[in-house]
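Descriptive structure summary
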Amino acid sequence: MKRHLLILLFFTLVFNCTVTEKPEFQGLDKIKVLNANAQTITIGADAVFKNPNDVGGTLKTDGLKVLINDTEVATIVSEVFDVPSKDDFTIPLIVSVSTDSLVDRNSLGSLLGGLISQRLKVRYKGEIDYKVFGYSSSYKLDEEQNIKVKL
């Protein structure tokens, strides 16, 4: 009798818990300059998700590229982020860029124009990987926003 109850409990848990739905990526929010000076510009954004699953999982953002005025300036490499179950959550995507890396012969005109107008076009491009148990999937990310810089 106990064995039947355990088997029934196991199947009830397995079939009533959602595991294979991936969390909903709802977009990037709050792309802004966190800090700017003559040496570095720190840019941040929040990747917003909603997890309908009864279990968590992990997200990894390795290889996410940051472009400023159409010039690739950094690649975000992060530690694994633990996904909470049945919750809305955000992942901070923060990158510090040396102002020296923004200046090259190809982008000097657009950078100077951006700094004079105090506006930069920031673009996050790449994939965010989700894993739970044996299930995995990726989110394609390609979002762009013009932001104001205060030096």
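A few points on the structure.

Conventions and cut-offs
- Residues numbered from 1 in each chain as written.
- Predicted model: local features only at pLDDT ≥ 70, side-chain atom pairs only at ≥ 80, totals over all residues.
- Heavy atoms only, no water.
- Helix = DSSP H or I, 4+ residues; strand = E, 2+ residues; numbered from the N terminus.
- Buried < 20%, exposed > 50% of the residue type's maximum accessible area, 1.4 Å probe, protein only.
- Contact = heavy atoms within 4.5 Å.
- Areas by Shrake-Rupley, 256 points an atom, 1.4 Å probe, with all protein chains shown as cover.
- Pairing = 2+ DSSP bridges.
- Axes fitted to C-alpha atoms, helices over the stretch in contact; angles between N-to-C directions.
- Core = buried A, V, L, I, M, F, W, Y, C linked by side-chain atoms within 4.5 Å.
- Salt bridge = Lys/Arg side-chain N within 4 Å of Asp/Glu carboxyl O.
- Phe/Tyr/Trp six-rings, centres within 6.5 Å; stacked < 30°, edge-to-face > 60°.
- Polar contact = N/O pair within 3.5 Å; in protein donor to acceptor, adjacent residues only side chain to side chain.
- Patch = residues over 30% accessible without salt bridge, like charges linked within 9 Å, V, L, I, M, F, W, Y side chains within 5 Å.
- Lys, Arg positive; Asp, Glu negative; His and termini not counted.
- Charge placed at Lys NZ, Arg CZ, Asp CG, Glu CD.

Thoughts on the overall build of the protein chain
Helix and strand content of the protein chain: 3 helices and 9 strands. Taking all 151 residues of the protein chain together, the buried fraction comes to 34%. Put simply, 68% of the contacts in the protein chain that link residues at least 6 apart link residues at least 24 apart. Carbon and sulfur atoms form 54% of the exposed surface of the protein chain, whose accessible area is close to 9400 Å².

Considerations on the sheet that holds strand S1 (residues 24–36)
Strand order in the open sheet made by the 3 strands is S1-S2-S7, with antiparallel pairing throughout. Where the open sheet ends on each side, the last strands, each with one partner, are S1 and strand S7 (87–98). Across the sheet, the mean angle from the axis of one strand to that of its neighbour is 20°, orientation sign disregarded.

Examining the nonpolar core
Ranked by size, the top nonpolar core spans 31 residues in total, and within it Leu59, Leu93 and Tyr124 carry the most contacts. Those elements giving two or more residues to this core turn out to be S1, strand S2 (40–51), strand S4 (64–68), strand S5 (71–76), S7, strand S8 (119–132) and strand S9 (135–148). If one sorts the elements of this core by residue count, S8 sits on top with 6 residues. Setting aside its immediate chain neighbours within four residues, leucine 59 contacts Phe49, Glu79, Val80, Phe81, Val83, Phe89, Ile91, Ile128, Asp129, Tyr130 and Tyr139.

Here we look at the pattern of salt bridges
For the structure shown, the criterion picks out 6 salt bridges. Among the salt bridges present, the one from aspartate 142 reaches arginine 123, with a minimum N-O distance of 2.7 Å. In this pair, aspartate 142 sits in strand S9 while arginine 123 sits in strand S8, placing the two residues 19 residues apart along the sequence.

Considering the pairing of S9
Residues in a regular strand point their side chains to alternate faces of the sheet. Where S8 and S9 come together, 14 bridges link them in antiparallel fashion. Its bridge partner lying in S9, valine 122 is registered against glutamine 145. Where S8 hands over to S9, the hairpin turn is made up of 2 residues, of which phenylalanine 133 adopts a positive phi near 50°.

Overview of the packing of aromatic side chains
Under the counting rule described, the total for this entry stands at 6 aromatic pairs. Relative to phenylalanine 49, the ring of phenylalanine 25 has its centre 5.2 Å away and its plane inclined at 50°; by these criteria the two rings are tilted. Residue phenylalanine 25 is found in strand S1, and its partner phenylalanine 49 is found in strand S2; the two are separated by 24 residues along the sequence. Residue classification places phenylalanine 49 among the buried positions, given a relative accessible area of 0%. Where phenylalanine 49 meets tyrosine 139, the ring centres are 5.2 Å apart and the plane angle is 70°; that geometry is what we call edge-to-face. With phenylalanine 49 in strand S2 and tyrosine 139 in strand S9, this residue pair connects regions lying 90 residues apart in the sequence. Of the two residues, phenylalanine 49 and tyrosine 139, neither departs from the other in class, the shared state being buried.

Describing the side chain of asparagine 53
Residue placement: asparagine 53 occurs in the loop between S2 and strand S3 (58–60). Within the structure, the side chain of asparagine 53 is placed 3.4 Å from the side chain of tyrosine 130, a separation counted as a polar contact.

Some details on a negative patch on the surface
Together, Glu21, Glu24, Asp87 and Asp88 give the surface a local cluster of negative charge. Its location among the elements puts aspartate 88 in strand S7.

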